[in-house]
Amino acid sequence: MAASLKTPIKWLRRNFVVIAGLLTLAYMILPNVVVMVFSFNKPNGRFNYAWQKFSTDAWQDPCGVADLCGSLALSLQLAAWATLGATVLGTMIAFALVRYRFRARGAINSLIFLPMAMPEVVMAASLLTLFLNMGAPLGFWTVLIAHIMFCLSFVVTAVKARVMSMDPRLEEAARDLYAGPVQTFVRVTLPIAAPGIAAGALLAFSLSFDDFIITNFNAGSTVTFPMFVWGSAQRGTPVQINVIGTAMFVIAVLVVLGGQFIAGRRKNSASPK
Amino acid sequence: MTVTDAPPVTTDPPVHKASTRKRLIPYWLLLPGILWLLVFFALPLVYQASTSVQEGSLEAGFKVTWHFQTYWNALAEYWPQFVRSLLYAGTATILCLLLGYPLAYLIAFKAGRWRNLVLVLVIAPFFTSFLIRTLAWKTILADGGPVVDVLNTLHVLDVTSWLGWTEGGRLLATPLAVVCGLTYNFLPFMILPLYTSLERIDGRLHEAAGDLYATPATTFRKVTFPLSMPGVVSGTLLTFIPAAGDYVNAELLGSTDTKMVGSVIQSQFLRVLDYPTAAALSFILMAIVLIMVTVYMRKSGTEDLV
């Protein structure tokens, strides 16, 4: 009797970490499952919060709601430009910080760190005061400026981590083999730094695409996708929002798995068999 | 000393020119990005500081009058929202640490060949817009939904209501719902730094602790946890700071009784158009967060983390 009770307790104790970890994972994925399930709902009123009836209507007509796909296109466009801007500027800063010793390094490090250590609403509000004082018309450009600003620090951190772990002897070797500075950079430095730059760019894209708080302050009457979702939470959420949420999740999983597959194959082909 | 130690003669103009150009490279690399941050991050803070000591109205215009009273008025009127923000953000951070640590540990040491899959499952939910995911919590916590039903049957909600976390047998529009949403939204920011620092730990240290007759619990307490401190510190900061300024969870999952300071700043700025008060509130929030972060980093002894 005692033994039969002891075994499951023992088993629970031994596997505590695995069980607790998997429960956390379930907590993280639960809303995504709900979003997916409710993308097949046929709601009875304006709000898609209670299950009514299975239907694929929304999947057949994802753009069937006014302004939804327009806001989605705008967000994608914004995220693309913000990623480009933040990745170029951030990579330059990261290389300067890792590769060169110069004065004001400490001050510059703090300037990079501070935007990450600041509540978003503070940055959003202060940028708005600047734009109001300058009389800048709020819209696409003010949002793009804001997005590049807050993505920059994250790109610098991601690229810095990669460049710091680079072996400088590889570049020395390239120089010993008579490669010019440009050739060394393009053929040796850039390929090694590429995963860090890619990680930074991916981070910038998702941060910019998903940002609500800073955009809400500085967009004026421009409506990005998160702002559309926010508005619909008050007016009534169309099922199409769940369709797009599900599609984003599936695409993200495929992209990340694909990236790891490529990285894994490259590692295998690079290592001597 | 040998001859090679003699200072090199570098008076040739071309060499000199090249070295000057080389010395300037880092500055050219830094210039555009740093300029961007100075103009669109630092300068706005200056503008906001000046706005917070202005007086006036939208029609008559605002003037700097060094009216520090705004700060006291803002604090006197909105201190409950400040306290609530810090309380909710703090609770969410502790919950994130308690929930996130086992998962980060699982990925770092136990997942084996499943490691990449689990990592993808941690990162991927990120990519569904966080507003959509937060709205999904409205469905999960809905009145009459399975979660509320089960908790009511088990009389859990009676206990939480008695503690003041919920109200009248429901979850939506209660502090518990807001904290649940905050915890959920910032969990990845806790897990990823924890995972990074756990992954760096040499597995042989665990073996060594075992060889020295340490139980698994002692090994964790004396070896694993102290070595994961950098991850704990950066995870806590990455969770607490954005959670303290967040107003999305409080607005979507809470009620007027659960308003956080972010909501107040937002409505003062965008609806009431009382810029001085909004600027003062946002400055107070910034000061509180920066002070708490500094003290916390001093205490945990990882100032060189940044």
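Source: prediction; values computed, not measured.

Caption draft 1: Main features of empty space enclosed by the protein. Throughout the structure, instances matching the rule amount to three cavities of 30 Å³ or more. Each pocket or cavity is described by its volume, and for the largest cavity that value is around 110 Å³. Those elements that provide at least two residues to the lining of the largest cavity are α2 (16-38) and α12 (239-270) of chain A together with α4 (130-140) of chain B. Looking at the lining of the largest cavity element by element, the count peaks at four residues for α4 of chain B.

Caption draft 2: Focus on the interface of chain A and chain B. Contacts between the two partners involve 72 residues from chain A, matched on the other side by 73 residues from chain B. For the pairing of chain A and chain B, the buried interface totals around 7000 Å² over both sides, and the portion due to carbon and sulfur atoms is 83%. Scanning the region where chain A abuts chain B turns up zero salt bridges. At the junction of chain A with chain B, the criterion picks out ten residue pairs in polar contact (both at pLDDT 80 or more). Broken down by element, the side of chain A that touches chain B gets its largest block of residues, 16 residues, from α2 of chain A. For the side of chain A that touches chain B, a count of residues per class yields 58 nonpolar, twelve polar and two charged.

Caption draft 3: Representation of the state of the cysteines in the model. In total, this model carries one disulfide over all chains according to the counting rule given. Disulfide pairing is shown between Cys63 of chain A and Cys69 of chain A; the S-S distance is 1.9 Å. With the S-S dihedral at roughly -90 degrees, the linkage between Cys63 of chain A and Cys69 of chain A falls on the left-handed side. Lacking any disulfide linkage, Cys96 of chain B is separated from the closest cysteine sulfur, that of Cys180 of chain B, by 11 Å.

Caption draft 4: Structural view of the packing of aromatic side chains. Residues and elements named next belong to chain B. Summed over all chains, the structure comprises 25 aromatic pairs over all chains. Between Trp66 and Phe68 the ring centres are 6.4 Å apart and the planes differ by 35 degrees, which places this aromatic pair in the tilted class. When its relative accessible area of 61% is taken as the criterion, Trp66 is described as exposed. With relative accessibility at 48%, the residue Phe68 sits in the partly exposed group.

Definitions and cut-offs
Residues numbered from 1 in each chain as written. Chains lettered and ligands numbered in written order. Predicted model: local features only at pLDDT ≥ 70, side-chain atom pairs only at ≥ 80, totals over all residues. Heavy atoms only, no water. 1 Å grid on protein atoms, 1.4 Å probe; cavity = no way out; pocket = protein on both sides within 12 Å on 5 of 7 lines; lining within 4 Å. Points joined across faces, edges and corners; volume = space filled by probe spheres on them. Helix = DSSP H or I, 4+ residues; strand = E, 2+ residues; numbered from the N terminus. Contact = heavy atoms within 4.5 Å. Buried area = accessible area lost by both parts, 1.4 Å probe. Salt bridge = Lys/Arg side-chain N within 4 Å of Asp/Glu carboxyl O. Polar contact = N/O pair within 3.5 Å; in protein donor to acceptor, adjacent residues only side chain to side chain. Nonpolar A, V, L, I, M, F, W, Y, C, P; charged D, E, K, R; others polar. Disulfide = S-S within 2.5 Å. Phe/Tyr/Trp six-rings, centres within 6.5 Å; stacked < 30°, edge-to-face > 60°. Buried < 20%, exposed > 50% of the residue type's maximum accessible area, 1.4 Å probe, protein only.

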